[in-house]
Protein chains: 2
Amino acid sequence: MQKRYIMAPGPTAAAPEVLLKMAEPIMHHRSPQFSEILTKVRENLKWLFKTENDVFILASSGTGAMEASVVNLLSQGDTAIVVRGGKFGERWTELCETYGVNVINIDVPWGEAVDVSDVAKLLDENPDVKAVFVQAHETSTGVKHPVEELGSLLKDRETCLVVDAISAMGVYDIQTDAWGLDIVVSGSQKAFGLPPGLAMLSVSEKAWKLAEKATLPRYYFNLLKERKALAKQTTAFTSAVSLIIGLGEVLEDMKKMGHDNLFAHHRILAEATRAGITAMGLEIFAKVPSESITVVKAPDGIDGQEVVKMLREEFGITIAGGQAQLKGKIFRISHMGHLDQWDMIVALAAVERALNKLGHPVDFGKGVAAAEAYFAAH
Amino acid sequence: MQKRYIMAPGPTAAAPEVLLKMAEPIMHHRSPQFSEILTKVRENLKWLFKTENDVFILASSGTGAMEASVVNLLSQGDTAIVVRGGKFGERWTELCETYGVNVINIDVPWGEAVDVSDVAKLLDENPDVKAVFVQAHETSTGVKHPVEELGSLLKDRETCLVVDAISAMGVYDIQTDAWGLDIVVSGSQKAFGLPPGLAMLSVSEKAWKLAEKATLPRYYFNLLKERKALAKQTTAFTSAVSLIIGLGEVLEDMKKMGHDNLFAHHRILAEATRAGITAMGLEIFAKVPSESITVVKAPDGIDGQEVVKMLREEFGITIAGGQAQLKGKIFRISHMGHLDQWDMIVALAAVERALNKLGHPVDFGKGVAAAEAYFAAH
């Protein structure tokens, strides 16, 4: 019997209490009992998103809500700017191109954050751009993009700002209304520590104005239909009832912690992990690292995939490797989900052990010691 | 503490063992352990669907897989025939129209099954029809459409047959390959007795040929992308891991029962319930009733919604009322999910009690007696 640890960027570890709550008898999605839960969940999502906008819950992975953002805001032949600095930035481009939207890509080197002045320049040159698509946190590289600054840039323009916060919401501060974020997308399997299958997104008044004129075809992801359903305290199609009940539990816990403690929790895990990794003589890949995951450069001569494989096969620990051009070059440790300081100690010790086994010189305990010291001080 | 019973047409009752299985620690969707489970689930789905075609699993409600069928098979300006005999028939029409597909509707009176010769006639008049869309079981009316006969009709034509079997698959016999069904759509929250959030669909070679030429835009529901992912024993986007693990459990149970016992189980529940309803002096609404649900006409002077409300509020039992034009005129009792003969006894007794309380003359125990007699004999 091997004990299993999941410290991947998603799906993440779930709290057993939440898993058991989701194991309660199935509730009917159109019952008054479920409507009450759904309405409470939506209120709590507004609290988490820091928004007065309606927040919708779709039965899909996060990509479904990304698609919903594109098809509800735009029409064929519209132009959009995409910040493309990783696999998920590429997804925005692919989504837009699928629907005949002209894309102006800002190709940001993987591992770096977008320069807001590049976006400003493109907007000045292309005043007809309908929307800017960006990741709050690019999960493939571990980079945080400057979403607050992009919000300021777009606030007084007609262009909408669409933020993929799938691996950011619930991890660190995202001020939807104060920063002027028009659509913010989130997913169940990241900070919420829930199984995959739910996507949540908020929609601003500015975004609704575009949505009412948008002509891209949409049915399952039609947010106008969801808005009508929301007024009746339901969803347009069968709600994923069990996952929503789990989401309700997690949100209550988050509210009890409060925004500040919630964000501090992730920040401390991330900074202790980075301290440990650095103390081992390894490098952090992301230039502007997030509190969601720590992305580590595989040292020279070591294949990052081998580190991931050894943790999984020999130690029962799931972390993630690199995707696409980063395959073999990095490995990624999550701070999201039902994890605490002791899990980070485990992750660091396991990395030390794996590197040692793979022939990379390691002083056992050095990374762990640095993390312990960080935790002790915070 | 009110004990809760769910006998709605979906979501349906889940087995506690399955709910607890889904409460096991989260597994990573790209891990070899999960790939193994996914591959086994797909094999078992092929067994259930009676097909050699690949069966795909999407993280969405059933409507998502209906949309996938439309957008993967068709191009703008194509023509399709829709059998429209209820709320879900209407959904096919809405989906096609959303994407600029010309629809020839066959308007079947709600409660009746389509006449295959009407479809044959339309196909002869419109040889360019790319696909026929139909429900195996129209959940809003409780009617079974003649899917086998439609299969025979289309077998030697180029036109594809797309079957919404969301509330049919796993309930009664659907022979995907033998009957020549090109796409068959299913959902987790019906016969499988799982929470909502998964859709499954099979795709024939004939359907792939259309899919390769189809130009409707699709991203999250792109089956060509899913086919590539399937070859790597994964899904294109994050798999809904917990639901798929639950599906694996249910399919193992179904396989242990075997097709015949599985279908007999639902047939006996349905026939006993109909015997009970008829013995109470009530009428069955559907002309060709399914083994999935029993749809009962509300007796004169009784609002079907009141029956549903009383069962829910006073007795803790969730059944369903009528939708759209049938609202108040019917009520619907499910035979799908984790239900047995005693649940049907409970449902019938509760209907007797509700009708009595609503002022309709009822002989207590008469419906129950007829069901008991039916169960005793089978």
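Owing to the predicted nature of the structure, the values given are computational and were not obtained by experimental measurement. (Residues numbered from 1 in each chain as written. Chains lettered and ligands numbered in written order. Predicted model: local features only at pLDDT ≥ 70, side-chain atom pairs only at ≥ 80, totals over all residues.)

1. A short note on the overall build of chain A
Part 1: Scanning chain A from N- to C-terminus turns up 13 helices and 14 strands.
Part 2: Relative to a compact globule of 378 residues, whose C-alpha radius of gyration would be 21 Å, chain A shows 21 Å and is just as compact.
Part 3: Seen through its principal axes, chain A has C-alpha atoms that stretch 60 × 55 × 35 Å.
Part 4: The burial tally for chain A puts 58% of its 378 residues in the buried class. (Helix = DSSP H or I, 4+ residues; strand = E, 2+ residues; numbered from the N terminus. Rg over C-alpha atoms; globule rule 2.2 N^0.38 Å. Buried ≥ 20, exposed ≤ 12 C-beta atoms within 10 Å, placed from the backbone.)

2. Here's the deal with unusual backbone geometry
Part 1: Here the amide bond leading from Gly10(A) into Pro11(A) is cis, since omega sits at 0°, within 30 degrees of zero.
Part 2: Although it is not a glycine, Lys50(A) adopts a positive phi angle of roughly 55°.
Part 3: Mapped onto the elements of the fold, Lys50(A) is located in the loop between helix H2 (32-49) and strand S2 (54-59).
Part 4: Its identity is not glycine, yet Gln233(B) carries a phi of approximately 55°, on the positive side.
Part 5: With respect to the secondary-structure elements, Gln233(B) resides in the loop between helix H9 (223-231) and helix H10 (241-279).
Part 6: Accessibility expressed as a C-beta count within 10 Å gives 15 for Gln233(B), which makes it partly exposed.

3. Section: the packing of helix H12 (residues 341-357) of chain A against helix H13 (residues 366-377) of chain A
All names here are of chain A.
Part 1: At a closest axis distance of 8 Å, the pairing of H12 and H13 adopts a crossing angle of 160°. Overall, the two elements H12 and H13 adopt an arrangement that is roughly antiparallel. Where H12 crosses over H13, the handedness of that crossing is right-handed. Note on element contacts: H13 touches H12 through Gly367, Val368, Ala371 and Phe375, opposite Gln341, Met344, Ile345, Leu348, Ala349, Val351 and Glu352. (Axes fitted to C-alpha atoms, helices over the stretch in contact; angles between N-to-C directions. Parallel < 35°, antiparallel > 145°, perpendicular 65-115°, else oblique. Left-handed = near helix turned anticlockwise from the far one by under 90°. Contact = placed C-beta atoms within 7 Å.)

4. With respect to the interface of chain A and chain B
Part 1: In this assembly, 44 residues from chain A lie in contact with 42 residues from chain B.
Part 2: Contributing elements (two or more residues each) for the side of chain A that touches chain B: helix H1 (16-22), helix H3 (62-73), helix H4 (87-98) and helix H10 (241-279) of chain A.
Part 3: Among the residues making up the side of chain A that touches chain B, the classes are represented as 23 nonpolar, 16 polar and five charged. (Nonpolar A, V, L, I, M, F, W, Y, C, P; charged D, E, K, R; others polar.)

5. Observations concerning the packing of helix H11 (residues 304-315) of chain A against H12(A)
Residues and elements named next belong to chain A.
Part 1: The geometry of H11 relative to H12 is characterised by a closest axis approach of 10 Å and an angle of 110° between their N-to-C directions. As judged from the angle between their axes, H11 and H12 are roughly perpendicular. Within the contact between the two elements, H11 uses Val307, Met310, Leu311 and Phe315 and H12 uses Ala350, Val351, Ala354 and Lys357.
Part 2: Considering only residue class, the contact of H11 with H12 consists of seven nonpolar, no polar and one charged.

6. Regarding the relation of the copies chain A and chain B
Part 1: Of the transformation placing chain A onto chain B, the axial shift is 0.0 Å and the rotation is 180°, giving an RMSD of 0.0 Å. Such a combination of turn and shift is consistent with a two-fold rotation axis. Across chain A, the smallest distance between a C-alpha and the rotation axis is recorded for Ser60(A), namely 2.4 Å.
Part 2: Same-surface contact between copies: 95% of interface residues of chain A are shared with the interface of chain B. (Least-squares fit on C-alpha atoms with pLDDT ≥ 70 in both.)

7. Details of the domain arrangement of chain A
Residue and element names in this part refer to chain A.
Part 1: Splitting chain A by domain gives domain 1 (5-9 + 256-377) and domain 2 (17-252).
Part 2: When each unit is reduced to the centre of its C-alpha atoms, the spacing between domain 1 and domain 2 is 28 Å.
Part 3: Counting from both sides, the interface comprises 25 residues of domain 1 and, opposite them, 22 residues of domain 2.
Part 4: For the side of domain 1 that touches domain 2, the secondary-structure elements that each account for two or more residues are H10 and strand S11 (293-297).
Part 5: Its residues assigned to classes, the side of domain 1 that touches domain 2 shows 12 nonpolar, nine polar and four charged. (Domains from an automatic or database assignment.)

8. Focus on the pairing of S2(A)
All names here are of chain A.
Part 1: Burial analysis of S2 places five of its six residues in the buried class, which makes it a mostly covered element.
Part 2: Sheet topology places S2 next to strand S10 (residues 198-203); six bridges connect them, and they run antiparallel. Directly across from aspartate 54, in S10, lies its bridge partner valine 203. (Pairing = 2+ DSSP bridges.)

9. What about H3(A)?
Note that an α-helix has 3.6 residues per turn; residues three or four places apart therefore point the same way.
Residues and elements named next belong to chain A.
Part 1: With 12 residues, H3 ought to run about 16 Å at 1.5 Å a step, and its terminal C-alpha atoms sit 17 Å apart, in line with that.
Part 2: In terms of residue burial, H3 counts as a mostly covered element, since 12 of its 12 residues are buried.
Part 3: Among all positions of H3, only Gly62, Thr63, Gly64, Ala65, Met66, Glu67, Ala68, Ser69, Val70, Val71, Asn72 and Leu73 are buried. (Expected span 1.5 Å × (residues − 1).)

10. Brief notes about H12(A)
Residues and elements named next belong to chain A.
Part 1: In a regular helix each residue adds 1.5 Å, so 17 residues correspond to 24 Å; H12 covers 25 Å between its end C-alpha atoms and thus fits that length.
Part 2: The set of residues buried in H12 consists of Asp343, Met344, Ala347, Leu348, Ala350, Val351, Glu352, Ala354 and Leu355.
Part 3: Residues of H12 that are buried sit in contact with strand S1 (5-6), H10, H11, strand S12 (317-318), strand S14 (330-334) and H13.
Part 4: Backbone geometry just downstream of H12 places glycine 359 in the positive-phi region, at approximately 95°.

11. Considerations on the nonpolar core
Part 1: In terms of nonpolar packing, the biggest core is built from 267 residues, with Val132(A), Val163(A), Leu201(A), Val132(B), Val163(B) and Leu201(B) touching the most fellow members.
Part 2: Not counting residues up to four positions away in its chain, the partners in contact with Val132(B) are Ile81(B), Val119(B), Leu150(B), Leu154(B), Thr159(B), Leu161(B) and Val162(B). (Core = buried A, V, L, I, M, F, W, Y, C linked by C-beta atoms within 7 Å.)

12. Thoughts on the environment of Asp118(A)
Part 1: As for its placement among the helices and strands, Asp118(A) is situated in helix H5 (residues 116-125).
Part 2: The spacing of Asp118(A) and Val83(A) is 35 residues in sequence and 9.9 Å in space, taken between C-alpha atoms.

13. Quick look at the confidence of the model for chain A
Part 1: Scored by pLDDT, chain A has a mean of 97; 100% of the residues are at 70 or more.
Part 2: Predicted as a complex, the structure gets a pTM of 0.97 and an ipTM equal to 0.96. (pLDDT = per-residue confidence, 0-100.)

14. Things to note about the environment of Ile166(B)
Residues and elements named next belong to chain B.
Part 1: If you trace the backbone, isoleucine 166 turns up in the loop between strand S8 (160-164) and helix H7 (176-179).
Part 2: The exposure class of isoleucine 166 is buried, given the 31 C-beta atoms found within 10 Å.
Part 3: For the pair isoleucine 166 and lysine 155, spaced 11 residues apart in sequence, the C-alpha separation works out to 22 Å.
Part 4: If near-sequence neighbours (up to four positions away) are discounted, isoleucine 166 is found in contact with Gly62, Val185, Ser186, Gly187 and Lys190.

15. Focus on the sheet that holds strand S10 (residues 199-203) of chain B
Residues and elements named next belong to chain B.
Part 1: Pairing within the open sheet is mixed, and its seven strands lie in the order S2-S10-S9-S8-S5-S3-S4. Here the strands that pair on one side only, and so sit at the sheet edges, are strand S2 (54-58) and strand S4 (102-107). Within this sheet the neighbouring strands show an average axis-to-axis angle of 20°, counted without direction.
Part 2: Contacts between helix H8 (residues 205-213) and the sheet are confined to S8, strand S9 (183-187) and S10, with S8 contributing the most and set at about 105° to the helix.

16. Points about the sheet that holds S10(A)
Residues and elements named next belong to chain A.
Part 1: Here we have seven strands laid out as an open sheet, ordered S2-S10-S9-S8-S5-S3-S4, and mixed in their pairing. Each end of this open sheet is capped by a strand with a single partner; those strands are S2 and strand S4 (102-107). When the angles between neighbouring strand axes are averaged without regard to direction, this sheet yields 20°.
Part 2: Strand direction decides the pairing type here: strand S3 (residues 79-84) and strand S5 (residues 131-135), joined by three bridges, are parallel. Pairing of valine 82 across the sheet is with phenylalanine 133, part of S5.
Part 3: Strands S3, S4, S5 and strand S8 (160-164) of the sheet are contacted by H4, whose axis makes an angle of about 160° with S3.

17. Thoughts on the pairing of S11(A)
All names here are of chain A.
Part 1: Most of S11 is tucked away: four of the five residues are buried.
Part 2: With five bridges joining them, S11 and S14 adopt antiparallel strand pairing. Counterpart to lysine 297 in the pairing with S14 is isoleucine 330.

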